[in-house]
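# Architecture and fold: a report
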Amino acid sequence: MTDVLIEYNRQSSCQYHGHAEKDRVGRTILATFIAALGPLSFGFCMGYSSPALEDLQNADKPNDVRLSSEQGSWFSSLIAIGAIFGCSVGGPAMDRFGRKFATMLCAIPFVLGWLLISYATDIEMLYAGRIITGIGCGVISCTSPVYIAEIAAARVRGVLGSVRGPALTLGALLAFVMGILFHWRWLAFIGAVPPALLLILMIPLPDSPRWLLGKNFEDEALDSLSWLRGPEADVQGECSTVKANLGDLVTLYGDHRYFFLTDRHEKLNLADLKTLAMVKPLIISVGLVMLQQLSGFNSVLFNAAAIFKIAGFSDEKLVSFIIVFAQLIGKTAACFLVDRVGRRVLLLTASFGMTMSLLALGTYFQVYIPPNDHTMGNDTAPQIQGFISHSVPADKISWLSILSVVVLGLTFSFAWGPMPWLVISEIFPLRVRGLACSFASIVFWATLFTVTKTYRYLTEALSIQGVYWLYAGFCFIGFVFVYLILPETKGKTLEEIEAIFEQEKNQYERIL
């Protein structure tokens, strides 16, 4: 490996913002929207099972594949198993081969998986197709946030980093709408289109300038910055700032500092992972993705049809559309709010709103009388669980369940849906960013699988209202976690954010 000696003066620091008003953002937005085809493909995979299972579980032709309820449950869940493997591949791939190449890589399992589902003749082929598309979901959940964060200027990084959320929701909405019009086999063919477009459209895009500098490809990094920022932007100044953050200071002569710029992707070792500058971002990232899933939103989403049916709605497709539309509104709002009010404020506000929504939803199930249950309205029922238990007819308070689910969807989507991934893509040093995002994604998928598969057992042990109150407790823990641990990253460059944790490490070392 060759070390490059570079001169660095006091005028360049991690506080550099350059001539922001001269930066061109049009091409960065274009690159972001092309990269967002990955999350859109991810969302399509998540949404596919709902309309497809209606066909697969009600197949009436002799040669059609037919799934039982238990097989349908596994068909929906196996995507998480594939995603865990995809995460373990995606992180190392984007550190070794680049953010762009790793993002393009996800198209291969997506297309192969969808084709396998389209031509499936038995249950095993369906399962295999879901696992393979899950691998694509795992890869893109690592690579897309990092690629977007590293190509975006600080002043637009929050907005562009939040595009992942609406893209994912649009993918799910596209699956629901196309599922109304097309059979499950044709729907799988449609699912292969967005990743194929991603593979083709990303070819002319530049790679992350930060990754290129980390690999000592300075000329390519300058070309990437020039393409993204425009000819009038101070790309040399931004490049010098990133290099200064990557380099190792070795001596000082007068007003000039010299540092060695090495391949920082190859310098990570076990000792680095034990430092406070690494440990705290790791705690934040793992905590955010775990609390995101422990909030129970996906469990509520997967069982929304049953909740709405009790409230008087019987059209499952209408239910799916209402929930996804609420998510789309919330995630679109996040794009415009994140750089105005900050990550912390959005997460704290959403934690409070989700806690109240889940408490209200649990209360609904505590007090309602099921429409077809005539035994809960007699005099003995209140004596079992208290005078308010199952004391109100469902149709009298149906508004409470609907309002709770919609508000939960809105508050989750404008903060806890997109913000954890945005924060994770920002807080880690360049040399560990890919590996850390990979690890956080593995935790995310493992927690998602655990929460969704244990929902039925928890409702049997705690009752349905007890489960929602448990989820409300985790939302409150999320509020405390964000308030105590998460720093605000709004408006800061990636180098400034890294400096926050380095400063905390130095203060900690001085105390010791």
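Attention in this report is confined to the structure presented alongside it. Note that this is a predicted model, so its numbers are computed, not measured.

How each quantity is defined
Residues numbered from 1 in each chain as written. Predicted model: local features only at pLDDT ≥ 70, side-chain atom pairs only at ≥ 80, totals over all residues. Heavy atoms only, no water. Helix = DSSP H or I, 4+ residues; strand = E, 2+ residues; numbered from the N terminus. Buried < 20%, exposed > 50% of the residue type's maximum accessible area, 1.4 Å probe, protein only. Contact = heavy atoms within 4.5 Å. Areas by Shrake-Rupley, 256 points an atom, 1.4 Å probe, with all protein chains shown as cover. Salt bridge = Lys/Arg side-chain N within 4 Å of Asp/Glu carboxyl O. Polar contact = N/O pair within 3.5 Å; in protein donor to acceptor, adjacent residues only side chain to side chain. Axes fitted to C-alpha atoms, helices over the stretch in contact; angles between N-to-C directions. Parallel < 35°, antiparallel > 145°, perpendicular 65-115°, else oblique. Left-handed = near helix turned anticlockwise from the far one by under 90°. Nonpolar A, V, L, I, M, F, W, Y, C, P; charged D, E, K, R; others polar. Core = buried A, V, L, I, M, F, W, Y, C linked by side-chain atoms within 4.5 Å.

## Comments concerning the overall build of the chain
- Regarding its fold elements, the chain presents 25 helices and five strands.
- Counting the 512 residues in the chain, one finds 54% classified as buried.
- Partitioning the contacts of the chain with sequence separation of at least 6, the portion at a separation of at least 24 is 81%.
- Carbon and sulfur atoms form 65% of the exposed surface of the chain, whose accessible area is close to 21,800 Å².

## Examining the pattern of salt bridges
- By the definition in use, this model includes three salt bridges.
- The partner of Glu-150 in a salt bridge is Arg-99, and the shortest N-O contact between them spans 2.9 Å. Here Glu-150 is found in helix α6 (residues 123–151), whereas its partner Arg-99 is found in helix α4 (residues 99–105), with 51 residues between them in sequence.
- Take Arg-99: its relative accessible area is 0%, and that puts it in the buried class.
- When salt bridges that share partners are traced, they join Asp-95, Arg-99 and Glu-150 into one network.

## As for the side chain of Ser-438
- Along the polypeptide, Ser-438 turns up in helix α23 (residues 430–462).
- Only 2.3 Å separates the side chain of Ser-438 from the backbone oxygen of Cys-87, close enough to count as a polar contact.
- Filtering out sequence-adjacent residues up to four positions away, Ser-438 remains in contact with Cys-87, Ser-88, Gly-91, Pro-92 and Cys-142.

## A few points about the packing of helix α2 (residues 37–56) against helix α10 (residues 193–201)
- It is at 9 Å that the axes of α2 and α10 come closest, and there the two elements cross at 165°. The orientation of α2 relative to α10 falls into the category roughly antiparallel. Viewed along their axes, α2 and α10 form a crossing whose handedness is left-handed. Taken together, the residues of α10 that come into contact with α2 (itself represented by Leu-37, Gly-38, Leu-40 and Ser-41) are Pro-194, Pro-195, Leu-197, Leu-198 and Leu-201.
- Taken together, the residues of the contact of α2 with α10 break down into seven nonpolar, two polar and no charged.

## Section: the nonpolar core
- With 111 residues, the main nonpolar core has Tyr-48, Leu-56, Trp-114, Leu-126, Trp-416 and Trp-445 as its most contacted residues.
- Beyond its immediate stretch of four places on either side in the chain, Trp-445 contacts Phe-42, Met-46, Ala-80, Ala-83, Ile-84, Cys-87, Cys-137, Gly-138 and Ser-141.
- Formed by 10 residues, the second largest nonpolar core is a distinct cluster that contains Leu-212, Ala-221, Leu-222 and Val-235.

## Points about unusual backbone geometry
- Backbone geometry at Asn-216 places phi at a positive 70°, although glycine is not the residue there.
- Mapping Asn-216 onto the fold places it in the loop between α11 (209–214) and α12 (218–229).

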